[in-house]
Each structure stands twice: as C-alpha cells, then as structure tokens.
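# Coordinate inspection notes
Spelled out from the first residue to the last, the chains are:
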Amino acid sequence: MRIATKKLTIMAALTAAALIVFIIEAQIPLPLPIPGAKLGLANAITLFALFYSQSGQQGTVSFKNSDVLIILICRILLGSFITGRFALLILSLSGGLLSIAVQIFMKRIVTDKQIWVCGAIGAVFHNIGQIVAAILISGTPAIAAYLPALIIIGIISGTITGLIAQAALSRMKSIYTN
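In this report, the structure presented in the accompanying data block is examined. Residue positions within a chain follow its written sequence, with the count starting from 1. Local features in this predicted model are restricted to residues whose pLDDT is 70 or higher, and side-chain atom pairs enter the listing and the counts only when it is 80 or higher, whereas totals over whole chains, interfaces and linings include all residues. Just so you know, side-chain values use all the structure's heavy atoms and leave hydrogens and water out.

### Quick word on the overall build of the protein
In this description a helix means any DSSP run of H or I spanning at least four residues, a strand means any run of E spanning at least two, and both kinds are numbered starting from the N terminus. Each helix and strand counted, the protein has six helices and two strands in total. In the protein, the order of α-helices and β-strands from amino to carboxyl end is α-α-β-β-α-α-α-α. The globule rule used here is 2.2 Å times the number of residues to the 0.38 power, and the radius of gyration it is set against is calculated over C-alpha atoms. Computed over its C-alpha atoms, the radius of gyration of the protein comes to 16 Å, within 12% of the 16 Å expected for a compact globule of 178 residues. Its C-alpha atoms give the protein principal-axis dimensions of about 55 × 30 × 25 Å. Residue contacts follow a heavy-atom distance rule, with two residues in contact if any of their heavy atoms lie within 4.5 Å. In the protein, once contacts between residues fewer than 6 apart in sequence are set aside, the share between residues at least 24 apart is 73%. Carbon and sulfur atoms form 71% of the exposed surface of the protein, whose accessible area is close to 9,600 Å². The protein chains shown are the only cover counted for residues, whose accessible areas, like all others here, come from Shrake-Rupley with a 1.4 Å probe.

Listed below in structure tokens is the structure:
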C-alpha cells in the first residue's frame, strides 16, 4: 500500500474512532454543576494522531500538523451534525482550534513520556477558547466565572486523555519494534 493511501486510511480510522468516542461521551452526562463539562476523551485520539509515527516495510507514516487539524475539524463537524448540537459547534471549534494550536507547539517541547502534560495543557486551553467564544457570542462576561472550575476539570481530564494517548502510542511503538 502506498504511503499516501495508508496515511489517508489511518486518518479516516482515527477520525471515525474519535467520532465514536465523542458520540458515546455526549450521551453520558457528568454529575457536575458546570454546563457542558465533560471528559473530552475523543481528544486522546487527536493527541495520538499528533504524536503518531509508524515505520513499516514500505516507509514511515506520520502526520503533519495539518493532517491532525483535519482529523479534529472532521470530528467536531460530524459530531455536531450527528448529535444535533449545532449551537455548540462554534464553542467546540473555538476550544478545539486553540487547544490543537497549543498542543502543536507543546509537541516540540514534550517527550514521549510527557504527552499527558500536552493533554492537560491542551484541555485547559480548550476550556479557555470555549469561554472566550461564549462571552463573545452572548455578550455576558459573567460566564468567565466558570473558568476556574473548568481549568481544574481540564487539568484532570486532559491528564487522563494524555495518559491514554501516551499508553496507546507506547503500545504501538512496542508492536512495531518487535
């Protein structure tokens, strides 16, 4: 299989997996007093894609930042359409794009054993992006009062998604080196 075809196939599979996780998670409300708070487990797949590199007999498949951005945007758009949450599309895009921009920068700094840090920081910036968008859309600066709690939730959930991505990447690396 040619590298381009293999890369596109893996991107499609990762997008589908992230979409499935997103849809399942959207059906499970968290018992938190903050509207819209969730774990964001689909971001584990985005982080996986960001740090993924596979060496095979026919060459190496790795993703450019733009490839990861495509996976993220497809997941957000399709997730909004499938769940019927069109009103949240702008908030999801705002948070997702700010988060991925920070994670792309962080990729230069963190090691394979620190992907969880990238997940935590990305989740915090996702929440910041959503709050800023919500304030701009609603004209209600009081929404910023949710930010401290969302930052704490973001650190916890981002660490979890980062650890999931880190473990999956470590497992993939051990499979391909054996």
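After that view of the structure, there is still more to cover.
### Re the environment of Gly-79
As for its placement among the helices and strands, Gly-79 is situated in helix 3 (residues 65-83). Spatially, the C-alpha atoms of Gly-79 and Leu-89 are 8.9 Å apart, while their sequence positions differ by ten residues. When sequence neighbours within four positions are dropped, the list of residues in contact with Gly-79 reads Leu-19, Phe-22 and Cys-74.

### Describing a nonpolar patch on the surface
Like charges are joined within 9 Å and nonpolar side chains (Val, Leu, Ile, Met, Phe, Trp, Tyr) within 5 Å, but only among residues with over 30% relative accessible area and no salt bridge; these make up the patches. Each salt bridge in this description consists of a side-chain nitrogen of Lys or Arg and a carboxyl oxygen of Asp or Glu lying within 4 Å of one another. A cluster of nonpolar side chains, contributed by Leu-39, Ile-152, Ile-156, Ile-160 and Ile-164, occupies part of the molecular surface with about 420 Å² of accessible area. Mapped onto the elements of the fold, Ile-152 is located in helix 6 (residues 147-177).

### Some thoughts on the packing of helix 4 (residues 89-107) against helix 5 (residues 115-138)
Between N-to-C directions, angles cover 0 to 180 degrees, with each direction set by a line fitted to C-alpha atoms, over the stretch in contact for helices. It is at 7 Å that the axes of helix 4 and helix 5 come closest, and there the two elements cross at 145°. Helix-helix and strand crossings are classified by hand; for helix 4 and helix 5 the assignment is right-handed. Basically, the charged four are Asp, Glu, Lys and Arg, the nonpolar ten are Ala, Val, Leu, Ile, Met, Phe, Trp, Tyr, Cys and Pro, and anything else, Gly included, counts as polar. Among the residues forming the contact of helix 4 with helix 5, the class breakdown is 14 nonpolar, eleven polar and no charged. Crossing handedness follows the turn of the near helix against the far one: under a right angle anticlockwise gives a left-handed crossing, and clockwise gives a right-handed one.

### Here's the deal with the side chain of Lys-7
Take Lys-7: it is sitting in helix 1 (residues 3-26). Setting aside chain neighbours within four positions, we find Lys-7 in contact with Val-61, Ser-62, Phe-63, Lys-64 and Asp-67.

### A short note on helix 3
The length a helix should cover is 1.5 Å for every residue beyond the first. With 19 residues, helix 3 should reach 27 Å at 1.5 Å per residue; the first-to-last C-alpha distance of 27 Å fits that figure. Once helix 3 finishes, Gly-84 follows within two positions and takes phi at roughly 75°, a positive value.

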